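Inside the fold
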Amino acid sequence: MPPMVESATGFTLGCDHCVSGSPNEQAAFNFEAAFGQMKLKEGQGQEKSNAWGRDQKRGEYNTKSHVVLTTHPRRGSPIQIKWGATSPAERGPIIATLSQPRLRNAIGTHNGSYSVYRSIAVAAGKMDPMFRPDLHNTAPPVMIPPNPSWFDPTKIVSMDPWGHMIVDSYGSHLKEGVDIRPTIAITKAHIQMLELVEAMEKGRLQADGNILQSDGSCVVTKAAIEHVWYLPGVAQRFNITEATLRRCMFEQTGGMFPELITRSDLEVFLPPIGGLTVYIFGPAEYLQDPSKVCTVRVHDECNGSDVFGSDICTCRPYLVHGIEECVRTAQNGGVGVIVYFRKEGRSLGEVSLEDSLGGGTDLG
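Only a predicted model underlies this, so the values are computations on that prediction, with no experimental measurement involved.

Our focus in this paragraph is the overall build of the chain. Counting its secondary structure elements, the chain contains 12 helices and 10 strands. Expressed as a percentage of its 364 residues, the buried residues of the chain come to 40%. Taking the contacts inside the chain whose residues are at least 6 apart along the sequence as the reference set, 66% of them involve residues at least 24 apart. About 20700 Å² of surface is accessible on the chain, with carbon and sulfur atoms providing 54% of the total.

The following block contains the structure:
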């Protein structure tokens, strides 16, 4: 067993014995054997819980495998990503799943911050860590075909434009057992807001039976989107180097993703943040037609106002006005778009937002 170095927080492995590895290879050192019998500091009188598996009271969890740190691999994924390619086959699928670590070609994993909840479900024995969803019958009811911007690596840098076409674009990979997940889901839906009924009563909007129904509900195309960042493109957008971007993200996430530093060969990152939802009013294909008027409202989530109608801010009225304009544009032969970001308080978070509104924090 390698020597232990005592620190203020307990014990760590000596630097000369740090274990490196990657999802492409198993580390040779067995953390279970090293830490399984480790004791707390003298005087506490109890055995330290095993951090690398379930303790004896809860039963074992995957104790036969090693903990694998994500550092330099001996070889990368055989499935490469060519961002901005002119076809999905040339571009290659985004593989950020955990069931096939040798095939991973992206940093992070799917579902953003919800992956933390998934880890709890797995740890509690409520979810199979190797679970794979059935993607049959998941084809979108509205197909959004490729656009020229999909083929320019500088145009789209924060989402996978092929993310809703997994079954059609990568069916051969799926048949071979490659675990690929969609990053975009598209459906048809109705939305209802009392303010739209009020707008009809006051004559600002009229029901047409197509876009706006007589009960005030709107027929929309809804697309849920996960963030997929092409790091070279994101860095270019902010006029910084990719190395600066990677280091700052590594440091500001508390070292959550070592691959940002150690895996320069991986250029795609699925960040652990909330995604976005796009609501399309009118035919989705009009988004490709430059002759059509397009009304867009980009809106950051505001739980207090948007959902509960809190009067502490005016986010919901802005959202409602945007929806009214989208409906009006669609009824006049154009298309309306609401882009709803899951980033409360302009990405500050709800705690900072509420503090600033209440006068408790100066956010500059």
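Further remarks concern the nonpolar core. Counting 20 residues, the largest nonpolar core has Cys218, Phe281, Ile323 and Val327 as the members making the most contacts within it. Per element, the largest residue contribution to this core is 6 residues, and it comes from helix α11 (residues 315-331). Those residues in contact with Val327 that lie beyond four places of it in its chain are Leu205, Ile211, Leu212, Cys218 and Phe281. Formed by 18 residues, the second largest nonpolar core is a distinct cluster that contains Val142, Met165, Ala284 and Val339.

An order of β4-β5-β8-β10-β9 is seen for the 5 strands of this open sheet, with the pairing classed as mixed. The open sheet has two edge strands with one neighbour each: β4 (184-191) and β9 (294-300). Sheet twist, expressed as the mean angle between neighbouring strand axes with direction ignored, is 20°. Strand direction decides the pairing type here: strand β8 (residues 276-281) and strand β10 (residues 335-341), joined by 6 bridges, are antiparallel.

Next up on the list: the pairing of β10. For β10, the tally of buried residues reaches 7 of 7 residues, placing the bulk of the element in the interior. Both faces of β10 are covered, namely the face carrying Val335, Val337, Val339 and Phe341 and the face carrying Gly336, Ile338 and Tyr340.

All right, on to the pattern of salt bridges then. Using the criterion set out here, one finds 13 salt bridges in the structure. In this structure, Glu324 engages Arg204 in a salt bridge whose closest nitrogen and oxygen atoms are separated by 2.8 Å. Here Glu324 is found in helix α11, whereas its partner Arg204 is found in the loop between α6 (194-201) and β5 (218-225), with 120 residues between them in sequence. Since its relative accessible area comes to 6%, Glu324 is described here as buried. Judged by relative accessible area, Arg204 falls into the partly exposed class, the value being 37%. Put simply, Glu251 and Arg247 hold a salt bridge, and the shortest N to O gap is 2.8 Å. Pair noted here: Glu251 and Arg247 are both in helix α8 (residues 242-252), with a separation of 4 residues, about one helical turn.

Take α6 next. Of the residues making up α6, those classed as buried are Leu196, Ala199 and Met200. Along the axis of α6, the buried residues cluster in a sector spanning 100°; they form a single face. For α6, exposure combined with an orientation more than 90 degrees from the buried face picks out Leu194 and Glu201. The inward-facing, buried residues of α6 contact β5 and α11. Looking at the residues trailing α6, positive phi occurs at Gly203, about 85°.

Side chains of Tyr114, Val116, Tyr117 and Ile120 sit close together on the surface and give an oily, nonpolar patch of about 480 Å² of accessible area. Its location among the elements puts Tyr117 in helix α3 (residues 114-123). Accessibility expressed as a relative area gives 56% for Tyr117, which makes it exposed.

Moving on: the side chain of His164. Relative to the helices and strands, His164 is located in the loop between α3 and α4 (166-169). Residue classification places His164 among the buried positions, given a relative accessible area of 8%. A distance of 3.1 Å separates a polar side-chain atom of His164 from the backbone oxygen of Ile144. In contact with His164, not counting residues within four places along its chain, are Pro140, Met143, Ile144, Trp150, Ile184 and Ile186.

What follows concerns the packing of aromatic side chains. Throughout the structure, instances matching the rule amount to 6 aromatic pairs. Where Trp83 meets Tyr230, the ring centres are 5.2 Å apart and the plane angle is 0°; that geometry is what we call stacked. With Trp83 in the loop between α1 (31-35) and α2 (88-91) and Tyr230 in strand β6 (residues 229-230), this pair connects stretches of sequence that are 147 residues apart. On the basis of relative accessible area, Tyr230 is assigned to the buried category, the value being 13%. Considering the side-chain rings of Phe257 and Phe269, the 5.0 Å spacing of their centres and the 75° angle between planes classify their relative orientation as edge-to-face. Of the two residues, Phe257 sits in the loop between α8 and α9 (259-262) while Phe269 sits in strand β7 (residues 268-270), which places them 12 residues apart along the sequence. Both residues of the pair, Phe257 and Phe269, count as buried. Linked through ring pairs, Trp150, Phe151 and Trp162 together constitute an aromatic cluster. Residue placement shows Lys292 over the ring face of Tyr286; its charged tip is 4.5 Å from the ring centre. Its guanidinium or amino end placed over the ring of Phe341, Lys343 lies 5.0 Å from that ring's centre, counting from NZ or CZ.

What counts and how
- Residues numbered from 1 in each chain as written.
- Predicted model: local features only at pLDDT ≥ 70, side-chain atom pairs only at ≥ 80, totals over all residues.
- Heavy atoms only, no water.
- Helix = DSSP H or I, 4+ residues; strand = E, 2+ residues; numbered from the N terminus.
- Buried < 20%, exposed > 50% of the residue type's maximum accessible area, 1.4 Å probe, protein only.
- Contact = heavy atoms within 4.5 Å.
- Areas by Shrake-Rupley, 256 points an atom, 1.4 Å probe, with all protein chains shown as cover.
- Core = buried A, V, L, I, M, F, W, Y, C linked by side-chain atoms within 4.5 Å.
- Pairing = 2+ DSSP bridges.
- Axes fitted to C-alpha atoms, helices over the stretch in contact; angles between N-to-C directions.
- Salt bridge = Lys/Arg side-chain N within 4 Å of Asp/Glu carboxyl O.
- Arc of directions from axis to C-beta.
- Patch = residues over 30% accessible without salt bridge, like charges linked within 9 Å, V, L, I, M, F, W, Y side chains within 5 Å.
- Polar contact = N/O pair within 3.5 Å; in protein donor to acceptor, adjacent residues only side chain to side chain.
- Phe/Tyr/Trp six-rings, centres within 6.5 Å; stacked < 30°, edge-to-face > 60°.
- Lys NZ or Arg CZ within 6 Å of the ring centre and 35° of its normal.

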